[in-house]
Amino acid sequence: MDSAPLEQLDDADLMLRVRSQDDEAAFALLVSRHQKSLLNFFIRSGVQYDSEDLVQQTFLRLYRYRQRYVASAKFTTFLFLLARQVWIDELRRRQRRQRLAESLAAEPYEEFAAPAAPSAGVEGDLDLARALATLSEGLRQVIELAVYQDLPYAEVAEILKIPVGTVKSRMFNALAKLREMLGEKRGDTP
Amino acid sequence: MNLYAHLSELPAAEATAFRALVTRLRAQPQHEPSPLLTSRIMAAVAAERAHPTPNVQPETRNQKPETRNPKLWYWAAAGLAACLLAVLTLFDRPAASTAADPTTAWLAANQEADGSWQPARHGGDSAYRPALTALAALALARDPADRFSTNVQRACDALTALQTPDGTFGGTGRVRAYNHALATYALATLAPQDGPAAVALERAVAYSRANQSVEGGWDYEPGSEGNAAVTSWQVQALAAAATKGISQANIPLRKGLIWLRGAARDDGGVAYHRGSPGRSEGLAALTAHTLMTSGQAFEGLPAIGRRLTVNLTAEDSTADCYRDCAKVMAFESAGDTARAETVRDGMQLRRQAGSQDPWEPIGGTLYTCAFTALAHK
């Protein structure tokens, strides 16, 4: 394992090097490989401005908890477990922040949390993004992990701490709701 | 099982529709991380490596707990002793025997009978008496053992007494701006929620609100849209007042934060005035700290503040306690304890070398002591 160039090592081997040798280059490679997927994970979760900070927090947590990583665990499962925890902490922080914000008088001035400019290039993508955003957190996270991150259901179940059967039912409900919101059941979409 | 295996279990028509939907979902455009993200993450990890967060390592069943390296304790103790000796030497003032931090103890020992601090006694300009009183009180209030609560209370009484009928704390132009912003900040942070100091705070906030520019900033004279230094202090004062339940602080706070957000350029620079091409490390640090702390209730502002800290240097060659204290606060707010420590080390070395602080002729030893104590860990 040690003789191979870092770039050729898989995530688990890199993480083991971080765990056993505090290997900075191996950690940097993990950051490079997974920062984009984490960034989009948080953006799709509804974070508009602070998504890169949450990515940073996730990697910082990965480093802090590096000794908890065991070779038998898939790296993405470990990483998204941490990302989910960061997201839960962020939701709690937002709830506290919301309480503080509500104590401030409503103002006619520019809103801080104005919706971000849509990045989707076509109206169809916009509709899809909006529909996705209206899903409940439980349904949306199943879509996020199984569709966008392409994780097997067993990993999704482990990350969300739910049975595989629940992953399946949530996935079905999520896709069905998306179809309904996009009007596909009415035959509006080819 | 994966997604497609699951879909294949469904009736054909439904499976086809769901597959098409999944294809559309996956075809949505992806956001790209900013070019600096990797370096930011690695810097944060380096800081964590240098100063590990306690109690995050797992408890393992088969391993003995790590024992501390006794040599580290020896060097830490020696370093602490050296720091204490250095500070005593630097300021050449007697320290209270009960105080852990000699700089703070020196401030406490030099409080005037009326509760204020008089800069004229220590090489500064007497016009800044309210501002220096506020800074000294804020520094004393940071004592972890709360040994100076009486001094702080007396300082609040003194600031209340120094307030003029218009709600300010005396002076004109630049003097008035700093006196008002810092005294208001100190009262909002330190004064009790009732009594004369609370009334003084309400009046001070009313003045801040009335003298805010249309754009949301504050400056030395009316008519200007604002400058980053005064606006940062005003925003910190109003945020503290809002936290205390002073509702009239809410509107100017939001406007001030919007102004500061506009002062933070995409290149990480902050100039004295918005739109100016200039760049000030001290102002960038002060603005960053303000956005991260006073703007914490507003989505996006802490992130802008943290971004401002990325380009800040922790190693300066010239003395400037104001700049250095702002950097320590900014790095601490961003969780970058390693760079905050580097700034503190630099402050100490420059004082030991006898470097002249550019603002010392105005603020005197009170100014350097107050900012040194505020930057103290």
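Quick caveat, the model's predicted, so the values are computed rather than measured. (Residues numbered from 1 in each chain as written. Chains lettered and ligands numbered in written order. Predicted model: local features only at pLDDT ≥ 70, side-chain atom pairs only at ≥ 80, totals over all residues. Heavy atoms only, no water.)

## Considering the packing of aromatic side chains
Thinking step 1. Taken as a whole, this structure holds 13 aromatic pairs over all chains when the rule is applied.
Thinking step 2. Geometrically, the ring pair formed by Phe27 of chain A and Tyr63 of chain A is edge-to-face, given 5.7 Å between the ring centres and 85 degrees between the ring planes. Placement of the pair is Phe27 of chain A in helix α2 (residues 24–44) and Tyr63 of chain A in helix α3 (residues 51–64), with a sequence separation of 36 residues. Grouping residues by exposure puts Phe27 of chain A and Tyr63 of chain A together as buried.
Thinking step 3. Ring pairing ties together the aromatic residues Tyr185, Trp233, Tyr322, Tyr367 and Phe371 of chain B, which thus form one cluster.
Thinking step 4. One cation-aromatic arrangement involves Arg44 of chain A over Tyr148 of chain A; the distance from NZ or CZ to the ring centre is 3.5 Å. (Phe/Tyr/Trp six-rings, centres within 6.5 Å; stacked < 30°, edge-to-face > 60°. Helix = DSSP H or I, 4+ residues; strand = E, 2+ residues; numbered from the N terminus. Buried < 20%, exposed > 50% of the residue type's maximum accessible area, 1.4 Å probe, protein only. Lys NZ or Arg CZ within 6 Å of the ring centre and 35° of its normal.)

## A closer look at the packing of α2 of chain A against helix α3 (residues 37–50) of chain B
Thinking step 1. Between α2 of chain A and α3 of chain B, whose axes approach to 10 Å, the crossing angle comes to 140 degrees. With respect to their mutual orientation, α2 of chain A and α3 of chain B come out oblique. Like other packed secondary-structure pairs, α2 of chain A and α3 of chain B cross with a definite hand, here right-handed. Contacts between α2 of chain A and α3 of chain B pair Glu24, Phe27, Ala28, Val31 and Gln35 of chain A from the former with Leu37, Thr38, Ile41, Met42, Val45 and Arg49 of chain B from the latter. (Axes fitted to C-alpha atoms, helices over the stretch in contact; angles between N-to-C directions. Parallel < 35°, antiparallel > 145°, perpendicular 65-115°, else oblique. Left-handed = near helix turned anticlockwise from the far one by under 90°. Contact = heavy atoms within 4.5 Å.)

## Quick look at the confidence of the model for chain B
Residue and element names in this part refer to chain B.
Thinking step 1. In the predicted model, chain B carries a mean pLDDT of 84, and the fraction of residues at 70 or more is 87%.
Thinking step 2. For chain B, per-element mean pLDDT is lowest for helix α4 (residues 70–91), which scores 44, and highest for helix α6 (residues 129–140), which scores 96.
Thinking step 3. Segment residues 55–99: pLDDT under 50, and 39 contacts once partners within four positions in sequence are set aside and those in other chains are kept.
Thinking step 4. Here the predicted complex carries an ipTM of 0.78, next to a pTM of 0.57. (pLDDT = per-residue confidence, 0-100.)

## Quick notes on α3 of chain B
Thinking step 1. Taking 1.5 Å of rise per residue, the 14 residues of α3 of chain B would be expected to cover 20 Å, and the 20 Å separating its terminal C-alpha atoms lies within 8% of that figure.
Thinking step 2. Residues of α3 of chain B that are buried include every one of Leu37, Arg40, Ile41, Met42, Ala44, Val45, Ala47 and Glu48 of chain B, and no others.
Thinking step 3. Buried residues in α3 of chain B make contact with α2 and α3 of chain A together with α13 (301–310) and α15 (337–352) of chain B. (Expected span 1.5 Å × (residues − 1).)

## A closer look at unusual backbone geometry
Thinking step 1. Here Lys161 of chain A, not a glycine, exhibits a phi torsion of approximately 60 degrees, which is positive.
Thinking step 2. Looking at the element boundaries, Lys161 of chain A is found in the loop between α7 (153–160) and α8 (164–181).
Thinking step 3. Despite not being glycine, Asp146 of chain B shows a phi value in the positive range, around 55 degrees.
Thinking step 4. Mapped onto the secondary structure, Asp146 of chain B falls in the loop between α6 and α7 (149–162).

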